[in-house]
Amino acid sequence: MHVHIKRMPLKKLFNTRDLGGIPTADGRKIKHGKLIRSGKLYKLPQKTVDALKDYGVCTVIDLRIFTEKEEAPDTLWEGVDYRHLPVLCTATPGITREKSMRRTMALESKRIKKEFGSADNYMAEMYRSILLNEEPQQQLKETLRLIIENEGCILWHCSGGKDRAGVVAMLVESLLGVSEEVIIADYVASLRFQRLKFFWNKVGLVIAPCSIRMKKILYGMMAAKPHYLVNAMHCVSEKYGSVTRYCKQVLGVTDEDIQIMKSKYLE
């Protein structure tokens, strides 16, 4: 099924999109103006803030770790309900308690060759660990609870809007009955939306005074390769039967919750 995923044309937000219009396997569609995934809301111009307010965003869930949050705090507005639910986004838990993201990445790059062999293997393990490790599971559980109980328009985001925001989008879309094919189409759209940004980031890495190991992990973290998410979904399905069953058994989602979500978020 071909689905055209559109980004919201907001200045300084290159990877923000409304899940509205995404079809479910039973022929329904997600409502517009209810579920938004994004990258960080850092130093947003007033025009963008006004657009988010006009769109009805009343709750913002920040999935970034404390270091990311402190280095690039969200631009918020009066009346918005801000929730910080940091999802550990590393395949080596504990390392992101460093005070600097640069230091964090330097430490991670030293482990990549020894523990994972390649940046691709590292990223695949990172996605798996987000879903299967106890600490991020708690944050995912609280995030889904907020989405289930939300009565307005809710926005969740990480730093780039690809990994942690992508995992949450995958869980929400799975619970709403979106097919794996469409979920992956939504995920890989991040690369298209940030193509220019990725290009200049890669140019910067070529001349950056850092090790090849660090460059490899940074290249890997920029990518939105389908198998990162596909492997994680299949890993969960193998262990629990399906992504929906995982949400029920691990994240505390009930059949009633799923029906509430479908009544709120599907046309």
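None of these values were measured; they are calculated from a predicted model.

Quick notes on the rules
Residues numbered from 1 in each chain as written. Predicted model: local features only at pLDDT ≥ 70, side-chain atom pairs only at ≥ 80, totals over all residues. Heavy atoms only, no water. Helix = DSSP H or I, 4+ residues; strand = E, 2+ residues; numbered from the N terminus. Buried < 20%, exposed > 50% of the residue type's maximum accessible area, 1.4 Å probe, protein only. Contact = heavy atoms within 4.5 Å. Pairing = 2+ DSSP bridges. Axes fitted to C-alpha atoms, helices over the stretch in contact; angles between N-to-C directions. Arc of directions from axis to C-beta. Salt bridge = Lys/Arg side-chain N within 4 Å of Asp/Glu carboxyl O. Expected span 1.5 Å × (residues − 1). pLDDT = per-residue confidence, 0-100. Parallel < 35°, antiparallel > 145°, perpendicular 65-115°, else oblique. Phe/Tyr/Trp six-rings, centres within 6.5 Å; stacked < 30°, edge-to-face > 60°. Polar contact = N/O pair within 3.5 Å; in protein donor to acceptor, adjacent residues only side chain to side chain.

1. What about the overall build of the protein?
Logical step 1: Looking only at helices and strands, one finds 12 helices and five strands in the protein.
Logical step 2: Out of the 267 residues belonging to the protein, those deemed buried represent 52%.
Logical step 3: Within the protein, residue pairs in contact and separated by at least 24 positions form 70% of the contacts whose partners lie at least 6 positions apart.

2. Thoughts on the pairing of strand β5 (residues 153–157)
Logical step 1: In terms of residue burial, β5 counts as a mostly covered element, since five of its five residues are buried.
Logical step 2: Residues C153, L155 and H157 of β5 are buried on one face, and the alternating residues I154 and W156, pointing to the opposite face, are buried as well.
Logical step 3: Here four bridges tie strand β2 (residues 35–38) to β5, and the two strands are oriented parallel to one another. Bridging across to β5, R37 finds its partner in W156.
Logical step 4: With five bridges joining them, strand β3 (residues 57–62) and β5 adopt parallel strand pairing. Considered in β5, the bridge of V57 is made with C153.

3. Concerning the sheet that holds β3
Logical step 1: Read from one edge to the other, the open sheet built from five strands follows the order β1-β2-β5-β3-β4, with strand pairing classed as mixed. Strands with a single pairing partner mark the edges of an open sheet, and in this sheet they are β1 (17–18) and β4 (81–84).
Logical step 2: Sheet strands touched by helix α1 (residues 46–55): β1, β2, β3 and β5. Its angle to β3, the strand with the most contacts, is close to 115 degrees.

4. Observations regarding helix α12 (residues 255–265)
Logical step 1: All of the buried residues along α12 are D257, I258, M261, K264 and Y265. The buried residues of α12 all sit within an arc of 130 degrees when viewed along its axis, so they share a single face. Exposed positions of α12 whose direction lies more than 90 degrees from the buried face are E256 and Q259.
Logical step 2: Looking at the packing, one finds that the buried side of α12 touches β2, α5 (134–149), α6 (164–176) and α11 (243–249).

5. Quick word on the pattern of salt bridges
Logical step 1: Counted by the stated rule, this structure contains 12 salt bridges.
Logical step 2: Notably, a salt bridge pairs D186 with R37, separated by 2.9 Å at the nearest N-O pair. Here the residue D186 occupies a position in helix α7 (residues 180–193), and R37 occupies one in strand β2, the gap between them amounting to 149 residues. There is no split in this pair, since D186 and R37 are both buried.
Logical step 3: Several salt bridges share partner residues, and in doing so they unite R17, R37 and D186 into one network.

6. Overview of α5
Each α-helix winds once per 3.6 residues, and so residues spaced three or four apart point in a common direction.
Logical step 1: When the terminal C-alpha atoms of α5 are compared, their 23 Å separation across 16 residues agrees well with the 22 Å that a helix rising 1.5 Å per residue should span.
Logical step 2: Listed in full, the buried residues belonging to α5 are P136, Q137, Q139, L140, T143, L144, L146, I147 and I148.

7. Description of the environment of G177
Logical step 1: Within the secondary structure layout, G177 lies in the loop between α6 and α7.
Logical step 2: For G177, the contacting residues outside a window of four places in its chain are T24 and A25.

8. Section: the confidence of the model for the protein
Logical step 1: The share of residues in the protein with pLDDT of 70 or more is 79%, and the mean pLDDT across the chain is 87.
Logical step 2: Note that pLDDT drops below 50 for residues 92–98; the model gives that stretch 22 contacts with residues more than four away or on any other chain.

9. Quick notes on the packing of helix α4 (residues 119–132) against α5
Logical step 1: Direction vectors running N to C along α4 and α5 enclose 65 degrees, while the axes themselves pass 6 Å from each other. By the criterion of interaxial angle, the relationship of α4 to α5 is roughly perpendicular. When α4 is examined against α5, the residues S129, I130, L131 and L132 are found in contact with a partner set consisting of E134, P136, Q137 and L140.

10. As for the packing of aromatic side chains
Logical step 1: Following the criterion strictly, the structure yields three aromatic pairs and no others.
Logical step 2: For the pair Y127 and Y228, a centre-to-centre distance of 5.9 Å together with 35 degrees between the ring planes defines the contact as tilted. With Y127 in helix α4 and Y228 in helix α10 (residues 226–240), this pair connects stretches of sequence that are 101 residues apart.
Logical step 3: In this structure Y127 comes out as buried when scored by relative accessible area, which is 0%.

11. Digging into the side chain of K162
Logical step 1: With respect to the helices and strands, the residue K162 is situated in the loop between β5 and α6.
Logical step 2: A relative accessible area of 4% means that K162 is categorised as buried.
Logical step 3: Reaching out from K162, the side chain makes a polar contact with the side chain of D163 at a distance of 2.6 Å.

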